[in-house]
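Coordinate inspection notes
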Amino acid sequence: MTAASEQPDALMEIIDLHVGIDGTSILKGIDLRILPGEIHAIMGRNGSGKTTAANVIMGHPDYEVEQGSVILNGDSLLDEDPWERARRGVFLSFQYPQAVPGLQVGNFLRKSVASIRGEEAAKGAQFRNELNEAMDTLDIPRSFLSRYVNDGFSGGEKKRFEILQMMLLQPKLAILDETDSGLDIDGIKTVASGVNQAVRGTDSGALIITHYSRILEHVKPDYIHVLIGGKIVASGGPDLATQLEENGYDWVEKAAAAKEAF
Ligand code: ADP
Ligand code: MG
């Protein structure tokens, strides 16, 4: 067996990623490997670089990639524009979704599906069934389709709408940036069931950025990574979220520093 065949092919691989903004270094060497069907979570204090990582994977133009690579299904992403990344199957659920007055939810969803999955996927009974099924999973009423995108939506409605987009676009890699923040307990369960439905038993994967272990109880990630000061200082199984909740980030920071000292 060759060395290359010993490791299963990654869905997404981040290698030694260094990112800055306006001359300030934010990500200082991130490595991450997500296999098809896996759900990973990133936790970390405010300002640790979580949104930066999400935005860089999606191709946000404000960031400077200083070093490293981001690879999806064997192909480098960093030279591609955000639209091409979306077409290849990257989806980012925004921390702060923007309103688009004048654009109706139903039309927006149909156009998005047509441009990412092709015209055929956005037509006829099959699309309507998919749409209805996803809206039922997320407890979204049909009347939602004629409202304007994120215009006057409550916090919970915005987040459910992000997950509705994710379910219909069927991404290869779904990145959720604090989609659970501001949701009540039912909302968190609903969002979690959308994520599970989109990823479990498929060859897609998800990266969930969160502050809370509650959503992780419902999606049960395969791995949890702790990002502090632009570096992943600890990775582990679901237990890590519980330990973090009990002991805080100081604990993991000290443990990581002690490990480095050896
Ligand atoms: P998190 O999502 O973990 O809270 P962010 O990735 O949003 O963290 O931010 C990481 C760091 O980068 C913070 O110190 C933040 O102030 C800084 N930062 C983010 N965006 C910008 C920007 N547009 N200009 C300057 N600094 C920024
Ligand atoms: Mg953030």
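Report on the accompanying structure. Source: prediction; values computed, not measured.

Protein coordination at the magnesium ion (ligand 2): the donors are T51 (OG1) and Q95 (OE1), at 2.0 to 2.6 Å from the metal. Residue T51 is found in helix α2 (residues 50-58), and its partner Q95 is found in the loop between β6 (90-93) and β7 (100-104); the two are separated by 44 residues along the sequence.

With that settled, consider the pattern of salt bridges. Under the counting rule described, the total for this entry stands at twelve salt bridges. We note a salt bridge from E80 to R88, for which the minimum N-O separation is 3.0 Å. The partly exposed category is assigned to R88, whose relative accessible area is 25%. Salt bridges here are not isolated pairs; linked through shared partners, they connect E80, E84, R87 and R88.

The local shell around ligand 1 consists of I21, D22, I26, R45, N46, G47, S48, G49, K50, T51 and T52. Take G49: an N or O atom from its main chain is 3.0 Å from an oxygen atom of ligand 1. Between ligand 1 and the protein, one listed contact pairs an oxygen atom with a side-chain N or O atom of K50 at 2.8 Å. Relative to its unbound accessible surface of 570 Å², ligand 1 loses 59% to contact with the protein. Ranked by the residues each element gives to the shell around ligand 1, the list is headed by α2, at three residues. Among the residues making up the shell around ligand 1, the classes are represented as two nonpolar, six polar and three charged.

Turning our attention to the sheet that holds strand β10 (residues 205-209). With mixed pairing, the six strands of this open sheet are ordered in space as β6-β9-β10-β3-β11-β12. Since the sheet does not close on itself, it has two edges, and those belong to β6 and β12 (231-236), each with one partner. Sheet twist, expressed as the mean angle between neighbouring strand axes with direction ignored, is 20°. By the bridge criterion, four bridges tie strand β3 (residues 39-43) to β10 in an arrangement that is parallel. The partner of H40 across the bridge, within β10, is L207. Along the sheet face, α2 touches β3, β6, β9 (173-177), β10 and β11 (223-228) and points at about 145° away from the line of β6. Helix α6 (residues 155-169) rests against β6 and β9 of the sheet, and its axis sits at about 170° to β6.

Core analysis: the largest hydrophobic core is formed by 48 residues, its most contacted members being F161, I163, L164, M166, V195, L216 and V226. Considering every element that reaches this core, the biggest residue donor is α6, with seven residues. With residues up to four places along the chain from it excluded, the contact list for I163 reads L138, L176, T179, V191, G194 and V195.

Our next topic: the sheet that holds strand β2 (residues 24-34). Strand order across the open sheet formed by four strands is β2-β1-β4-β5, with antiparallel pairing between neighbours. In the strand order of this sheet, the two ends are held by β2 and β5 (75-76), each with one partner. Sheet analysis places strand β1 (residues 12-21) next to β2, joined by eight bridges and oriented antiparallel. Each residue of the ladder has a partner; that of G20, found in β2, is S25. Its contacts with the sheet put α2 on β1, β2 and β4 (64-72), and the angle it makes with β1 is roughly 110°.

For the rest of this paragraph, the subject is the side chain of N150. Here N150 is to be found in the loop between β8 (148-149) and α6. Residue N150 is classed as buried on the basis of its relative accessible area, which comes to 5%. Apart from the residues within four sequence positions on either side, N150 is in contact with P97, Q98, A99, K158, F161 and E162.

Conventions adopted
- Residues numbered from 1 in each chain as written.
- Chains lettered and ligands numbered in written order.
- Predicted model: local features only at pLDDT ≥ 70, side-chain atom pairs only at ≥ 80, totals over all residues.
- Heavy atoms only, no water.
- Donors = N, O, S within 2.8 Å, 3.2 Å for Na, K, Ca; no water.
- Helix = DSSP H or I, 4+ residues; strand = E, 2+ residues; numbered from the N terminus.
- Salt bridge = Lys/Arg side-chain N within 4 Å of Asp/Glu carboxyl O.
- Buried < 20%, exposed > 50% of the residue type's maximum accessible area, 1.4 Å probe, protein only.
- Near = heavy atom within 4 Å.
- Polar contact = N/O pair within 3.5 Å; in protein donor to acceptor, adjacent residues only side chain to side chain.
- Areas by Shrake-Rupley, 256 points an atom, 1.4 Å probe, with all protein chains shown as cover.
- Nonpolar A, V, L, I, M, F, W, Y, C, P; charged D, E, K, R; others polar.
- Pairing = 2+ DSSP bridges.
- Axes fitted to C-alpha atoms, helices over the stretch in contact; angles between N-to-C directions.
- Contact = heavy atoms within 4.5 Å.
- Core = buried A, V, L, I, M, F, W, Y, C linked by side-chain atoms within 4.5 Å.

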